[in-house]
Amino acid sequence: MTVHNAEIAEKFNHLANLLEIEGANPFRVRAYRNVARIIGGLTKNIADMLAEGEDLTELPGVGKDLAEKIATIVKTKNLPLLKQVEARIPAVLSELMKIEGLGPKRVQLLYKKLKITNADDLKTAIEKGRLRKLRGFGEKTEQNILQGILHRTQYAKRMKLADAFPIVNSLLNYLKHHKEIKQVECAGSFRRRKDTVGDLDFLATGKNSEKIIDYFLGFDEIGKVLSRGTTRSTVHLHSGIQVDLRVVPEKSYGAALVYFTGSKAHNIAIRRIGVQKKLKINEYGIYKRNKYVAGKTEADVYKQINLPYIDPELREDRGEIEAAKNHALPNLITLSDIRGDLHCHTKATDGDSSLEAMAKAAEELGYEYIAITDHSSHLAMVHGLDKKALIKQIKAIDRINKKLKKLVVLKSIEVDILEDGSLDLPDDILKELDLTVCSIHSKFNLSPKKQTERTIRAMDNLYFTILAHPTGRLINQRPPYLVEMERIMMAAKERGCILEMNAQPERLDLNDIHSKMAKEKGVKLAISTDAHSRAQFAYMAYGVYQARRGWIEKPDVINTLPLSQLGKILHRS
Ligand code: DGT
Ligand code: CA
Ligand code: CA
Ligand code: ZN
């Protein structure tokens, strides 16, 4: 593994922080922080530069001593000077410096007087009112630091894709209004539609990059400017997310878009093919013997290495390059392929809308069908539907179907899979339904074997149709429960059961990797929103994004079928 620029920069920043806390010569501290900033802003890998024999002292502010230190890090992954400093002062103090409102003097004071070395200690000390007793600290400072700690923990978490959309859209709108900006796009994991995003990577073209950077820094959501250069800048928004903006010339737009869309693994694979063809590929373009040959569009970049355009969602180096070479890329599903939604709730259980309102909203979306899947009573819900309540709902659906012109409401239930693998309602009522959506809402901690067998036993029931949110994960809240997914998939295939791709932004379950696995095994999927309100029907888009990341095509997904063909799939007996 090569050492990345970011790791080298981090080492120097860390060193600068610790020296500063110790009270070292400010010029020395600044020199280290400076080199960290320069390395962090380089578009070329230091490791590559060294391998190519480049002289690092040509970098601004880098003398012989710093060049040697950088080379040592690349070679050994270590910086001996940092080790020496860490022997004198706890390394974790450097983390405290990252909290807004804490500078080196304060960190030093907190450590010396109160033995505080981390954010948890700090929080406790504030709660006990111990900070305000120190010189230079007051209640106001305490509040500021608490706020800083909160921000810091938010930064540490990755943001859910759905939460990124409004931010991306408002920043895109803002940037598009500037006349210097010709093209602008949010690249990175956001463009690949990864379920969570670390930071946002904006890319723009325009002649006057400095003006563009200035304009960007005027965006009113910006909380803190971390770096500001002539062609790039990094900021934190008030919401806690980090945003990078890079400005490139128009002729580099495609190359930069490929590079900053990533993934890194995909980029490396692309660059490797380039090397075989004696082409150099970087974020500025494709070069042959140092002469620019392409880079204006992404398609141009791929064409230079004899590949068709590859959809961003596939760019994970999970076989897309081979598929592209063999002209075997999937024809990815799109939102417009979806004809209905097979999982949603009404206010009969925990939804917020009536049956009529949900049906009307679905009809307005142009859907042919929806399945109403309120909860069974046993475990998921105190107010779930028992047999009697479900019969009442079935009759209500019959009445509404007589009135609806374009949409058919399917009768269903989200039925609990109990610990022994039985379903939470008797067969004599399940058989009255068009389909069932079966899910686990209890006993998440069974062994993988037991959890798997519980699920497969449930699938043995002929009225079992769709396994909902198959791993139960909640992003940033709850890990998936452990199951033997291959066995579950094989069992589903044998029995004609369907696996759900739940489109709730905190679920996205199955995830991209599991859906690719399902496709490879020939298991059919349903992309469902699990909507608890009319507005949540819009979550379908997030389900489709994850499906695209999982190489899913229209025929793999049952709710792309017209109603006339859906029935055959739903009925096992
Ligand atoms: P994230 O932000 O953690 O959700 O994931 P990404 O994929 O957005 O990663 P990020 O923001 O670190 O970098 C954006 C893209 O820039 C990344 O997908 C690929 C490219 N990139 C970043 N660092 C490197 C690198 O060291 N080598 C190469 N080849 N590409 C890189
Ligand atoms: Ca990113
Ligand atoms: Ca980034
Ligand atoms: Zn549900």
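1. As for the sheet that holds strand β17 (residues 498-502)
Each strand in a sheet pairs with its neighbour through backbone hydrogen bonds, running either in the same direction (parallel) or in the opposite one (antiparallel). With respect to topology, 5 strands assemble into an open sheet ordered β14-β15-β16-β17-β18, the strand pairing being parallel. What marks the edges here is a single partner per strand, and that holds for β14 (414-416) and β18 (525-528). Bridge analysis of strand β16 (residues 466-467) against β17 gives 2 bridges, and the strand direction is parallel. Counted as the bridge partner of I466 is I498 from β17.

2. Re the coordination of the calcium ion (ligand 3)
Ligation of the calcium ion (ligand 3) by protein atoms is provided by D199 (OD), D199 (OD), D201 (OD) and D244 (OD), these donors lying 2.2 to 2.8 Å from the ion. For the calcium ion (ligand 3), all donor residues lie on one chain, and their spacing in sequence is D-x1-D-x42-D. Classification of D199 by relative accessible area gives partly exposed; the value is 21%. We classify D244 as buried; its relative accessible area is 6%.

3. Considering the coordination of the zinc ion (ligand 4)
Protein-derived coordination of the zinc ion (ligand 4) comes from H343 (NE2), H345 (NE2), E414 (OE) and D530 (OD), at a distance range of 2.1 to 2.2 Å. Sequence spacing of the donors to the zinc ion (ligand 4): H-x1-H-x68-E-x115-D. You can call H345 buried: its relative accessible area is 0%.

4. Here we look at the pattern of salt bridges
Counting across every chain of the model gives 37 salt bridges. Notably, a salt bridge pairs R549 with E316, separated by 2.9 Å at the nearest N-O pair. Taken as a pair, R549 in helix α23 (residues 540-549) and E316 in the loop between α15 (298-304) and α16 (320-325) lie far apart in primary sequence, 233 residues in all. For the pair shown, R549 and E316 are each scored as buried. Taking the shortest distance from any N to any O, the salt bridge between D460 and R495 comes out at 2.7 Å. Linking D460 in the loop between α20 (448-459) and β16 with R495 in helix α21 (residues 485-495), this pair joins segments that are 35 residues apart in sequence. Several salt bridges share partner residues, and in doing so they unite R192, E316, R318, D512 and R549 into one network.

5. Some thoughts on the domain arrangement of the chain
With domains assigned, the chain is organised as domain 1 (5-155), domain 2 (160-325) and domain 3 (335-570). The straight-line distance from the C-alpha centre of domain 2 to that of domain 3 is 36 Å. Facing the 17 residues of domain 2 at the interface are 14 residues of domain 3. Here domain 2 packs against domain 3, burying approximately 1,500 Å² in sum over the two surfaces, 55% of which is carbon and sulfur. Considering only the side of domain 2, the residues that lose the most area to domain 3 are K160, D195 and R318, jointly responsible for 41% of the buried surface there. The residue D195 makes a salt bridge to R473 at a minimum N-O spacing of 3.0 Å.

Rules and cut-offs
Residues numbered from 1 in each chain as written. Chains lettered and ligands numbered in written order. Predicted model: local features only at pLDDT ≥ 70, side-chain atom pairs only at ≥ 80, totals over all residues. Heavy atoms only, no water. Pairing = 2+ DSSP bridges. Helix = DSSP H or I, 4+ residues; strand = E, 2+ residues; numbered from the N terminus. Donors = N, O, S within 2.8 Å, 3.2 Å for Na, K, Ca; no water. Buried < 20%, exposed > 50% of the residue type's maximum accessible area, 1.4 Å probe, protein only. Salt bridge = Lys/Arg side-chain N within 4 Å of Asp/Glu carboxyl O. Domains from an automatic or database assignment. Contact = heavy atoms within 4.5 Å. Buried area = accessible area lost by both parts, 1.4 Å probe.

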